[in-house]
Amino acid sequence: MVQIPKPPAPESLAPRSVPTSADVARLAGVSRATVSYVLNNSGAVRISEPTRRRVHEAARELGYVPHAAARSLRAGHSRTVLMPAPSFPAGPLYSGFLSELQWALGRLDYTVVQYGSVGLHGDDAARAWAELRPVAVLVPGPGPGPAGVEVLKRAGARAVLTLGPEAVEGAHALIMDHETVGHAAARHLHDRGRRRIGVVVPAEDGLEIFSAPRLDGARRAVRGTDATVTALPLAYEERDAARLAARWRSLGLDAVFAYNDEYAMLLMRAFQDEGLEIPGDAAVIGADDLMLGRLLRPRLSTVRLELPSGRDLAALVDRAVQDPGAAPERHEVLGTAVVHRESS
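Each chain has its residues counted from 1, following the order in which its sequence is written. Given that this is a predicted model, residues contribute local features only at a pLDDT of at least 70 and side-chain atom pairs are listed and counted only at 80 or more, while totals for whole chains, interfaces and linings are drawn from all residues. The basis for the side-chain values is all heavy atoms of the structure; hydrogens and waters are excluded.

Structural notes on the packing of helix 1 (residues 21–28) against helix 3 (residues 49–62)
Alright, step 1. Where helix 1 meets helix 3, the closest approach of the two axes is 9 Å, and the angle between their N-to-C directions is 125°. As judged from the angle between their axes, helix 1 and helix 3 are oblique. The two elements helix 1 and helix 3 meet at a crossing, and its hand is right-handed. Along its contact with helix 1, which presents D23, V24, L27 and A28, the element helix 3 presents R54, V55, A58, A59, E61 and L62.
Alright, step 2. Of the residues contributing to the contact of helix 1 with helix 3, the split by class is 7 nonpolar, no polar and 3 charged. The axes used here are C-alpha line fits, helices contributing only the stretch in contact, and every angle between their N-to-C directions lies in the interval 0 to 180 degrees. Helix and strand definitions here come from DSSP, where helices need a minimum of 4 consecutive H or I residues and strands a minimum of 2 consecutive E residues; each element is numbered from the N-terminal end. Small angles under 35 degrees read as roughly parallel and large ones over 145 as roughly antiparallel, with 65 to 115 read as roughly perpendicular and the rest as oblique. The handedness criterion is simple: a crossing whose near helix is rotated anticlockwise from the far helix by less than a right angle is left-handed, and one whose near helix is rotated clockwise is right-handed. In what follows, residue pairs with any heavy atoms lying within 4.5 Å of each other are defined as contacts. Amino acid classes used here: Ala, Val, Leu, Ile, Met, Phe, Trp, Tyr, Cys and Pro are nonpolar; Asp, Glu, Lys and Arg are charged; the rest, including Gly, are polar.

A look at the packing of helix 8 (residues 179–191) against helix 9 (residues 208–222)
Alright, step 1. Interhelical geometry of helix 8 versus helix 9 gives an angle of 45° and a closest axis separation of 6 Å. What the angle tells us is that helix 8 and helix 9 run oblique. Note that helix 8 runs across helix 9; the crossing there is right-handed. Contact with helix 8, carried on its side by E179, V181, G182, H183, A186 and R187, involves P213, R214, D216, G217, A218, R220 and A221 of helix 9 and no other residues of that element.
Alright, step 2. Taken together, the residues that form the contact of helix 8 with helix 9 break down as 5 nonpolar, 3 polar and 5 charged.

Let's talk about the environment of Y263
Alright, step 1. If you trace the backbone, Y263 turns up in helix 12 (residues 261–273).
Alright, step 2. Note on Y263: relative accessible area 5%, which makes it buried.
Alright, step 3. Between the C-alpha atoms of Y263 and V200, which are 63 residues apart in sequence, the distance is 8.0 Å.
Alright, step 4. Ignoring sequence-local partners within four residues, the contact set of Y263 consists of V200, P202, E204, L207, L234, A235, Y236 and A258.
Alright, step 5. Side-chain polar atoms of Y263 contact the side chain of E204, separated by 2.5 Å. Three exposure classes are used, based on accessible area relative to the maximum for each residue type with a 1.4 Å probe and protein chains only: buried under 20%, partly exposed in between, and exposed over 50%. Two N or O atoms count as a polar contact when they lie within 3.5 Å, although within protein this holds only if one can serve as hydrogen donor and the other as acceptor, and sequence-adjacent residues are included solely when both atoms are side-chain atoms.

A few points about the side chain of D318
Alright, step 1. Of note, D318 is situated in helix 14 (residues 310–322).
Alright, step 2. His is not counted, nor are the chain ends; Lys and Arg add positive charge and Asp and Glu add negative charge. The salt bridge criterion pairs a side-chain nitrogen of Lys or Arg with a carboxyl oxygen of Asp or Glu, the two atoms within 4 Å. For the buried D318, which has no salt bridge, the nearest side chain bearing the opposite charge is R79, at an N-O separation of 4.4 Å.
Alright, step 3. In contact with D318, not counting residues within four places along its chain, are R79, L108 and Y110.

A look at the confidence of the model for the protein chain
Alright, step 1. The score called pLDDT rates the predictor's confidence residue by residue, from a low of 0 to a high of 100. On average, residues of the protein chain score 87 in pLDDT, and 89% of them are at 70 or above.
Alright, step 2. Within the protein chain, strand 8 (residues 255–257) carries the highest mean pLDDT (98), whereas helix 4 (residues 68–75) carries the lowest (53).

As for the sheet that holds strand 6 (residues 196–202)
Alright, step 1. In short, DSSP must find at least two bridges between two strands for them to pair. Taken in spatial order, the 6 strands make up an open sheet running 7-6-8-9-10-12, and their pairing is mixed. Only two strands of the sheet have a single partner each, and these edge strands are strand 7 (228–234) and strand 12 (335–339). On average, each strand axis in the sheet is inclined to that of its neighbour by 20°, with strand direction left out of account.
Alright, step 2. The pairing of strand 6 with strand 8 spans 3 bridges and is classified as parallel. Residue pairing across strands places G198 opposite V256, the latter belonging to strand 8.

This is the structure:
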C-alpha cells in the first residue's frame, strides 16, 4: 500500500486581506459601478473596450473575483445550475454530452456545479440540492418526485429539468426512451437472418435504468416472429466475458446485442480467444458508435445514439429560467440509427 506522507506543520502566516471591488476600482481608475458592470458581463451600460481591459487587468493583478452570493442577492437569484452526479457509470458518449452542455451553459453566463449526492436518493437528494439555492437543476437518470420538485422551486430554483425515461410532474422533461435502442439492435440482427438473439444485461449497479428497457425493446422487436431473445447477465470483467464465451455454443445462440460498444468489445475479444468466428458463430452489435469500435477487426456494428446538442439544451435551461411560470416542456430527445459493419 502506498502511503501519503504527512507534511510538516506550516509556519503561522498572517491572513491576507481579501481584495474588494473598491480596490479594483482604485487600481483601474474607475467607479465601483463600472467594475460591477464589467465583471458581471452586464449589458445595461455601454463601456469602452479600453476601460473593460483596465478593469480585467486590475482584477487579475489583485486576484479579485466577484462574490457569487452577493451577486445573487442583487439579482434576486443565482446563476448556478446544479447537475447532480449521475448514479450510473457514465461512458464516453454521456461524458462528452455533459461536457458540451456545461460549455454551452457557461457561454450563457451560468456557473455549472456538479453535486455528488452519494447515499441520497429521490426527494431526500432534492432537499440537499435545495440547500445550495441553484437557479436551475438538471437531473440525469432517476430523480425526485413531484414533492422534491416543489421543494427545489420553493428554495428558488426557477427550473427543474429531468433527463430520463419518464416525466415528473412540475419539471421539464427530456425523455430518453432506451427501448428504441434495443428494438433497433434486435431488428437489425433479425433482418440479418439471426433467430436466437442474446442481449447482454450489465451486472453493474445503476445501469438497469438503461439495460431493462433495452432488453424490453429487443423482445418487442421479435414479438410475433420465430426468433427468441435471451437475457445474458454480464459483469464488465474479462473473466466473466471468458465464462460466457466458453459456454456460448451450449447456449444455442447465434447473435448478441451487447448493451453498448464497450461490452461488445469486451465480449468480442472473449469470443475470439475462445476460437469463435464473428459473425459466423456470433453476430455482434453494440450501441454508442464509439470510434474504437471502428478500429476493431471485424469492425463493430452499432446503434448510433442521437442526443440533443448541448447548445439546444442550454437554451432550454435559459428559457425556463427566464420564464419560470411557463408550463413544463416535454421533449423526446433520444434518436437511434443502426450502423452496419462486419461484426453482424
